[in-house]
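Inside the fold
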Amino acid sequence: MKKIVLKISGESLQKDTQGSGFSIENVYKVASDLKYLYNFGFLLLIVLGGGNFLRGAQHKEYNISRLSVDSMGMIATIINSLALCDALKKEGVPSVLYSTIQVGNFCEEYSVEKAENAFKDRNIVIVGGGTGIPYFSTDTSAAIRAIEHGADWLIKLTKVDGVYNEDPVANSRAILYNEISYDEFLIKKINVMDLSAVTLCRDFLIPIYVLNMKHIRKLSYLIDERSEGTVIY
Ligand code: UDP
């Protein structure tokens, strides 16, 4: 059974491009996609972002300290994760949610051992709270989880089609890489994924697959074919 860590950005749950928060339809859509992958036979650990609420980089815009905005962002990942975990259970998929930060008795604190035991019982494991440390991102949290659990892949599901040589939004002629080495990604400082996450995956030899969220169900074969998206290896 392939063990994969899926990093899903908060944007996938977002109401619309402007609005903050999540739409419950999108939460159920993601849950149903994950159910499909679960039934296919993947062992899944999910790390959800919180960018549909806010991101640390916006602290100046809000005139709130970076520390506070980062803390709010980590709490936002718990809000998203609670919704997704509940939706998965309602879809009949055994799922557990752990948090890297203490949030009271409605969400157990994360540990590698607890998550491994949950895998043995064939649960989808969701880890909220990011790294639990400000100034980081959920990409880095996903990289750490992938290392801790010896994942076969870290899969970053995003709104673009993979890793480009330039920003594809700013330049429509940007070229999509089919694969790129960790070092080239780091030298070019490509910003589709946090450099700290890529550095960790390089050091611990975890391959990263960057894929458009719209292809999530195709992972059942794309993980072997890789005819879409970009592999960072
Ligand atoms: N965050 C943090 N530490 C972490 C993970 C997240 O401080 O380990 C904060 C940070 O402000 C980040 C926000 O939570 O911008 C939301 O996470 P992220 O940007 O990774 O979400 P995504 O863009 O993937 O939805």
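Conventions used here
Residues numbered from 1 in each chain as written. Predicted model: local features only at pLDDT ≥ 70, side-chain atom pairs only at ≥ 80, totals over all residues. Heavy atoms only, no water. Phe/Tyr/Trp six-rings, centres within 6.5 Å; stacked < 30°, edge-to-face > 60°. Helix = DSSP H or I, 4+ residues; strand = E, 2+ residues; numbered from the N terminus. Buried < 20%, exposed > 50% of the residue type's maximum accessible area, 1.4 Å probe, protein only. Near = heavy atom within 4 Å. Polar contact = N/O pair within 3.5 Å; in protein donor to acceptor, adjacent residues only side chain to side chain. Areas by Shrake-Rupley, 256 points an atom, 1.4 Å probe, with all protein chains shown as cover. Nonpolar A, V, L, I, M, F, W, Y, C, P; charged D, E, K, R; others polar. Pairing = 2+ DSSP bridges. Contact = heavy atoms within 4.5 Å. Axes fitted to C-alpha atoms, helices over the stretch in contact; angles between N-to-C directions.

Structural notes on the packing of aromatic side chains
This structure, assessed with the given rule, holds three aromatic pairs. Aromatic side chains F22 and F53 sit 6.4 Å apart centroid to centroid with 75° between the ring planes, which places their arrangement in the edge-to-face category. Taken together, the residues span a long stretch of sequence, with F22 in the loop between β1 (3–8) and α1 (24–40) and F53 in the loop between β2 (43–48) and α2 (59–62) at a distance of 31 residues. Overall, the relative accessible area of 24% leaves F22 in the partly exposed class. Assessed through its relative accessible area of 25%, F53 is described here as partly exposed.

Describing the site of the ligand
Lining the immediate environment of the ligand, one finds 21 residues, of which K7, R55, D70, T131 and T138 sit closest. Within the backbone of I133, an N or O atom sits 2.7 Å from a nitrogen atom of the ligand. Within the contact set of the ligand, a nitrogen atom lies 3.2 Å away from a backbone nitrogen or oxygen of F136. A total of 520 Å² of accessible area belongs to the ligand in isolation, and the protein chains cover 93% of it. Here the shell around the ligand gets three residues from one element, more than from any other, and that element is helix α3 (residues 66–90). Within the shell around the ligand, the residues separate by chemical class into six nonpolar, twelve polar and three charged.

Focus on the sheet that holds strand β3 (residues 95–99)
Pairing is mixed across the open sheet formed by nine strands, whose spatial order is β4-β3-β5-β2-β1-β6-β8-β9-β7. The sheet is open, and its two edges are formed by β4 (108–109) and β7 (179–180), each paired on a single side. Across five bridges, the pairing between β3 and strand β5 (residues 124–128) is parallel. Counted as the bridge partner of L97 is I126 from β5. Along the sheet, helix α4 (residues 112–120) makes contact with β1, β2, β3, β4 and β5, crossing β3 at roughly 175°.

As for the environment of G51
Checked against the element boundaries, G51 lands in the loop between β2 and α2. For the pair G51 and K218, spaced 167 residues apart in sequence, the C-alpha to C-alpha distance is 25 Å.

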